[in-house]
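# Report on the structure
Chain by chain, the residues run as shown.
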Amino acid sequence: MNDSVQITTLDNGFRIVTENMPGLKSASLGVWVSAGCRHERLEQNGIAHFLEHMAFKGTHKRNALEIAETIENVGGYINAYTSREMTAYYVRVLEDDVPLAMDVISDIVLNSIFDPKELEIERGVILQEIGQSMDTPDDIIFDWLQETAYPDQSMGRAILGPAERVRAFSREDLQNFVGEHYGPEQMVLAAAGAVDHDKLVQAANEAFGHLKPTPKFITAKAAFIGGEVRNVKDLEQAHFALSLESASYLDDEIYTAQIYATALGGGMSSRLFQEAREKRGLCYSIYASAGAFADSGMMTIYAGTSGDDVAGLANITVDELKRAAEDMSDEEVARARAQMKAGMLMGLEGASSRCERLARTVSIFNRVPHLDEVIAKIDAVDAKRVKSFATELCAKPPALALYGPVADAPDVAQIAKRLAA
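If you're wondering where the values come from, they're calculated on a predicted model, not measured in any experiment. (Residues numbered from 1 in each chain as written. Predicted model: local features only at pLDDT ≥ 70, side-chain atom pairs only at ≥ 80, totals over all residues. Heavy atoms only, no water.)

### Here's the deal with the pattern of salt bridges
Think of it this way: side chains of opposite charge can pair up when their charged atoms draw near. Scanning all chains against the criterion turns up 27 salt bridges. Note that Arg271 and Glu332 form a salt bridge whose closest N and O atoms lie 2.7 Å from each other. Here Arg271, found in helix H10 (residues 271–279), pairs with Glu332, found in helix H12 (residues 330–347); they are 61 residues apart in sequence, far enough to count as distant. Under the relative-accessibility criterion, Arg271 is labelled buried at 6%. When the shortest N-O distance is used, the salt bridge between Arg360 and Glu356 registers 2.6 Å. (Salt bridge = Lys/Arg side-chain N within 4 Å of Asp/Glu carboxyl O. Helix = DSSP H or I, 4+ residues; strand = E, 2+ residues; numbered from the N terminus. Buried < 20%, exposed > 50% of the residue type's maximum accessible area, 1.4 Å probe, protein only.)

### Side note on the sheet that holds strand E5 (residues 87–94)
Strand order in the open sheet formed by six strands is E1-E2-E6-E3-E5-E4, and the pairing between neighbours is mixed. Looking along the sheet, the strands with just one partner apiece sit at the ends: strand E1 (5–9) and strand E4 (77–82). For this sheet, the mean inter-axis angle between neighbouring strands, taken without regard to orientation, is 15 degrees. Relative to strand E6 (residues 187–193), strand E3 (residues 26–33) is paired through seven bridges, and the arrangement is antiparallel. What sits directly across from Gly30, in E6, is Ala190. (Pairing = 2+ DSSP bridges. Axes fitted to C-alpha atoms, helices over the stretch in contact; angles between N-to-C directions.)

### Remarks on the packing of aromatic side chains
Here the structure, examined in full by the defined rule, presents 11 aromatic pairs. Ring centres 4.3 Å apart and planes at 15 degrees place the aromatic pair Phe14 and Phe208 in the stacked group. Of this pair, Phe14 sits in the loop between E1 and strand E2 (15–20) while Phe208 sits in helix H8 (residues 197–208), and the two are 194 residues apart along the sequence. A centroid spacing of 6.1 Å and a plane angle of 55 degrees characterise the contact between Tyr81 and Tyr90, whose relative ring orientation is tilted. (Phe/Tyr/Trp six-rings, centres within 6.5 Å; stacked < 30°, edge-to-face > 60°.)

### Quick notes on the nonpolar core
The biggest cluster of nonpolar side chains holds 51 residues, and the ones touching the most others in it are Ile259, Tyr260, Ile286, Met299 and Leu321. Setting aside residues no more than four positions away along its own chain, Met299 makes contact with Leu242, Ser243, Leu244, Ser246, Ala257, Tyr260, Ala261, Ser289, Ala290, Phe389 and Leu393. (Core = buried A, V, L, I, M, F, W, Y, C linked by side-chain atoms within 4.5 Å. Contact = heavy atoms within 4.5 Å.)

### Comments concerning the side chain of Thr82
Structurally, Thr82 can be placed in strand E4. The exposure class assigned to Thr82 is buried, which follows from its relative accessible area of 11%. Of the polar contacts made by the side chain of Thr82, one reaches the side chain of Glu52; its length is 2.5 Å. Once you skip the residues sitting within four places of it in the chain, Thr82 turns out to touch Ala48, His49, Glu52, Thr87 and Ile159. (Polar contact = N/O pair within 3.5 Å; in protein donor to acceptor, adjacent residues only side chain to side chain.)

### What to know about the pairing of E5
Sheet topology note: the E3/E5 ladder contains eight bridges and is antiparallel. The residue bridging Leu29 from the neighbouring strand is Val91, located in E5. Pairing between E4 and E5: six bridges, direction antiparallel. By the bridge assignment, Thr82 is partnered in E5 with Thr87. Turn length for the E4-E5 hairpin, with the two strands adjacent in sequence and antiparallel, is four residues.

### A few points about the environment of Ile364
By the secondary structure assignment, Ile364 is in helix H13 (residues 351–365). Residue classification places Ile364 among the partly exposed residues on the basis of a relative accessible area of 27%. For the pair Ile364 and Ala294, spaced 70 residues apart in sequence, the C-alpha to C-alpha distance is 7.8 Å. Sequence-distant contacts of Ile364, that is, excluding residues within four places in its chain, are made with Tyr249 and Leu250.

### Focus: unusual backbone geometry
Phi at Phe114 is positive, roughly 50 degrees, even though this residue is not glycine. With respect to the element layout, Phe114 can be found in the loop between helix H3 (98–110) and helix H4 (116–134). Phi is positive for Asn366, which is not a glycine, with a value near 60 degrees. Its place among the elements puts Asn366 in the loop between H13 and helix H14 (371–379). For Asn366, a relative accessible area of 45% gives the class partly exposed.

Pasting the structure below:
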């Protein structure tokens, strides 16, 4: 653990993790809840995100405007997000306003009243958000890819949920989801910057100490199946997204996966960028990323190109995936390691990113790994490991999502065959 990181667990299982950052005059803090779309039953799909919106629409103490004004009157910033495995409510304020921020965050997490009028207003907002995502090809394609990779599973469903379910959620549905998933042992209060651990523990005990533990929710194990979704439409760009199952964040191979993704498509010097864009001019944007969950992961390549070039781009992408298994060099891996370490360390110079890291690592590992430990694991990845990882990757069933003028793109069976050849 970092010397400046402190963790306290209340009697009911609620955890507080802080990192004091000397010299800072501000602090970031928030509550991270282990409740995302993979914790939803089919009929609940979209409710975790709906709940995140409703947290800002009024409590017993403050109405929606007062929640915003309380933080913005002191120059602070408040927001939230929902992911597949987590919902976060967070704020950034100056040092003297940390107690106020703590009061507001605990208030919106614990005391939302779900006013029926506000519920209807926010329902309309979320339906607009769904409509906007449907009109954003390089956004919606990743929802389709996720659903294709993990079909008929909560892991594969869209975070926003389908419009028909959002239209049907009731106040009671929201209250039931809170009762099932917002137990103290499912929450982490994280804070970084100009923070005092003991004072935050005292405030957390007053706000959250009375909560009763809830039964542990067992999520169904994610099963990456793969397949294809192809939506032919008259768009300017053909959107191509390919995914293969990768390492979970509980597996040390996540470091190999991230280094591989960086070398393959993580920057201007990466293989895909050089081959597809610089040498052939087939696309403006192409990249690879290694996403990770508790029990699975996705190595994803995305590119946007023309309908005439989508077939060629797809084949080049597959060929580069295969070639990485054969001739990934020590130099490329060293560059990817350097990019990964620099990105991580530069990113952690701010209180907000430190706070996020604290919350995520405590939620996952119940501890905060020292940065030296993480760097050692990155440095342990060599070209041999990357090539072995790439070889195993190419043997796995792919998931493919295509959108736009994509009639000429190869299908998933052709891609699987080319990967295995």
